[in-house]
Amino acid sequence: MLKDKTVVVTGAAKGIGKAVALAFAKEGCNIVLNYHSSVSDETIQEIEACGVKCLPVQGDVSDFAFAGSLVKQVKKEFGSIDVLVNNAGITRDMLLMRMSEEQFDAVIDTNLKGTFNMIRHASSLMLKQRSGAIINMSSVVGVTGNAGQANYAASKAGVIGLTKATAKELAARGVTCNAIAPGFVETDMTAVLSEELQAQMLEVIPLKRAAKPEEIADAAVFLADQSYITGQVLNVDGGMVM
Ligand code: NAP
């Protein structure tokens, strides 16, 4: 079903994004790999070794004009965007009383506005195609909130609202939009947390372990390869939030 489709993954040089890009490549999809600062040759080669094309595109998703140019480039190279995975995300953790305006803005700009920017441009193509799947990376924190992450929680809750509004607007033309809410995933984003905090998080996960990025990628492939689920938030969190 997914073979030969064109999949755009943002922030795909490492972590969950890289796993998502590889999982779709294994399904036979051509990959548009958006990266921010850099991407290794090995990552591109790993994707191409699946027998698919990989187009790396450097840029910042929080830049509305960049999102437009990325979509234009994909249209020119591949003709369509079948799946868009809005994965790019950052944290700037700080207690509310000490959080700077810059820390708040940076997280909202990348996580929420970046997702809007990509949807805004890619959806015009999907509407014309009358097909497409949009998958947004939210977080359990967007549902539950988390001390020290007011900016991040707000951005990820915003992504959920954006997902549901988009799903309602685009459904009539056969375009689905869903969110994934991962819990605690082994990536660079969580590697910076103190051992104490990591141990605390494991305590509240019924499955008693962190997720591998590939387990989040499996959920993205599932959501892209179905036609009757839209506007949903799929928790992939080892049972953290029920
Ligand atoms: P990660 O390892 O830090 O990777 C994030 C990626 O996003 C990096 O490649 C980064 O590139 C890219 N990025 C950052 N800002 C960008 C921008 N403005 N434009 C384009 N790309 C940008 O994080 P991760 O853990 O894989 O997280 C991926 C997504 O899952 C994020 O949305 C995150 O919020 C979400 N999530 C993660 C967890 C977790 O436990 N890890 C849990 C819930 C949700 P540079 O490094 O070059 O800036």
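Data block above holds the structure.
Here the structure is a predicted model, which is why all the values come from computation and not from measurement.

What counts, and at which threshold
Residue positions are given per chain, counting from 1 as you read along its sequence in written order. Side-chain atom pairs in this predicted model are given and counted only at pLDDT of 80 or more, local residue features only at pLDDT of at least 70, and totals for whole chains, interfaces and linings cover all residues. Side-chain metrics rest on all non-hydrogen atoms present in the structure, leaving aside hydrogens and water. Only DSSP runs of H or I reaching four residues or more are called helices, and only runs of E reaching two or more are called strands; each is numbered from the N terminus. Both definitions apply: the radius of gyration is a C-alpha atom measure, and the globule rule equals 2.2 Å times residues to the power 0.38. A simple rule labels every residue: compare its accessible area, found with a 1.4 Å probe on the protein chains alone, to the largest value its type can have, and call it buried under 20%, exposed over 50%, or partly exposed in between. Note on definitions: a residue-residue contact is assigned when non-hydrogen atoms from the two residues lie within 4.5 Å. Accessible surface area values rest on a Shrake-Rupley calculation with a 1.4 Å probe, where residue burial reflects the displayed protein chains alone. Only four residue types enter the tally: Lys and Arg on the positive side, Asp and Glu on the negative side; His and the chain ends are excluded. Where a charge lies is defined by one atom per residue type, namely NZ (Lys), CZ (Arg), CG (Asp) and CD (Glu). Patch definition: residues with relative accessible area over 30% and no salt bridge; like charges joined within 9 Å; nonpolar side chains (Val, Leu, Ile, Met, Phe, Trp, Tyr) joined within 5 Å. We define a salt bridge as a side-chain nitrogen of Lys or Arg found within 4 Å of a carboxyl oxygen belonging to Asp or Glu. When the centres of two rings from Phe, Tyr and Trp lie within 6.5 Å, Trp using its six-membered ring, the rings pair. Their planes under 30 degrees apart give stacked, over 60 give edge-to-face, and anything left gives tilted. Take the buried Ala, Val, Leu, Ile, Met, Phe, Trp, Tyr and Cys residues and link them wherever side-chain atoms come within 4.5 Å; each set so joined is a nonpolar core. Nearness of a residue to a molecule or strand requires only that one of the residue's heavy atoms be within 4 Å of it. Counted as a polar contact is a pair of N or O atoms within 3.5 Å, where, for protein atoms, one must be capable of donating a hydrogen and the other of accepting one, and residues adjacent in sequence contribute only when both atoms are in side chains. The span you would expect from a helix comes to 1.5 Å times its residue count less one. Two axes are fitted around each residue, one to the seven residues ending there and one to the seven starting there, and the angle between them is reported as the bend at that residue.

Undergrad: What exactly am I supposed to notice about the overall build of the protein here?
TA: A count of helical and extended segments in the protein gives nine helices and seven strands. By the compact-globule yardstick of 18 Å for 242 residues, the protein fits well, its C-alpha radius of gyration being 17 Å. By its C-alpha atoms, the protein is 45 × 35 × 35 Å across when sized along the principal axes. Here the protein holds 242 residues, and the buried ones make up 50% of them. In the protein, the share of contacts with a sequence separation of at least 24, taken over all contacts with a separation of at least 6, comes to 72%. With an accessible surface of roughly 11700 Å², the protein has 53% of that area assigned to carbon and sulfur atoms. When the 22 basic and 26 acidic side-chain charges of the protein are each reduced to a single mean position, those positions are 9 Å apart.

Undergrad: Whenever I open this one, a negative patch on the surface confuses me. Can you help?
TA: On the surface, Asp 60, Asp 63, Glu 101, Glu 102, Asp 105 and Asp 109 cluster together to form a negatively charged patch. Within the secondary structure, Asp 60 is located in the loop between β3 (54-58) and α3 (64-78). Exposure remark for Asp 60: the relative accessible area of 31% places this residue in the partly exposed category.

Undergrad: How should I be thinking about the packing of aromatic side chains in this particular structure?
TA: Aromatic rings considered in pairs are described by the distance between their centres and by the relative angle of their planes. If you walk through the whole model with that rule in mind, you get one aromatic pair. Seen in terms of ring centroids, Phe 64 and Phe 116 are 6.4 Å apart; in terms of plane orientation they differ by 20°. Their pairing is stacked. You can see Phe 64 sitting in helix α3 and its partner Phe 116 sitting in helix α4 (residues 101-129), a full 52 residues away along the chain.

Undergrad: Where do I start with the nonpolar core in this structure?
TA: Proteins that are soluble and globular tend to have nonpolar side chains buried together. Ranked by internal contacts, the top residues of the largest apolar core, which has 37 residues, are Val 20, Phe 24, Ile 31, Ile 47, Val 85 and Ile 180. At the level of secondary structure, the elements contributing two or more residues to this core comprise β1 (6-9), α1 (15-26), β2 (30-35), α2 (41-48), β4 (83-86), β5 (132-137) and α9 (213-224). The biggest single contributor to this core is α1, with eight residues. Ignoring any residue separated from it by four or fewer positions in sequence, one finds Val 20 in contact with Val 9, Val 85, Met 137, Ala 217 and Ala 220. Counting 24 residues, the second-largest nonpolar core is a separate cluster that includes Val 32, Ala 67, Val 71 and Cys 177.

Undergrad: Looking at this model, I keep getting lost on the site of the ligand. Mind explaining?
TA: Near the ligand you find 28 residues, and of these His 36, Ser 37, Asn 87, Tyr 152 and Thr 187 are the closest. His 36 places a polar side-chain atom, nitrogen or oxygen, 2.7 Å from an oxygen atom of the ligand. At a separation of 2.8 Å, an oxygen atom of the ligand approaches a polar backbone atom of Val 185. The fraction of the free accessible surface of the ligand (890 Å²) that becomes covered by protein chains is 92%. Breaking the shell around the ligand down by element, the ones donating at least two residues are α1, α6 (150-170) and α7 (188-191). Among the elements that line the shell around the ligand, the one with the most residues is α7, at three residues.

Undergrad: Please explain α4 as it appears in this structure.
TA: The terminal C-alpha atoms of α4 lie 40 Å apart, and with 29 residues this matches the ideal 42 Å at 1.5 Å per residue to within 8%. Along α4, the largest kink reaches about 35° and is centred on Lys 113.

Undergrad: Would you explain the side chain of Asn 34 in this entry?
TA: Following the sequence through the fold, Asn 34 ends up in strand β2. Residue Asn 34 is classed as buried on the basis of its relative accessible area of 2%. Setting aside residues no more than four positions away along its own chain, Asn 34 makes contact with Val 9, Thr 10, Gly 11, Ala 12, Ala 13, Val 57, Gln 58, Gly 59, Val 61, Phe 66 and Leu 70.

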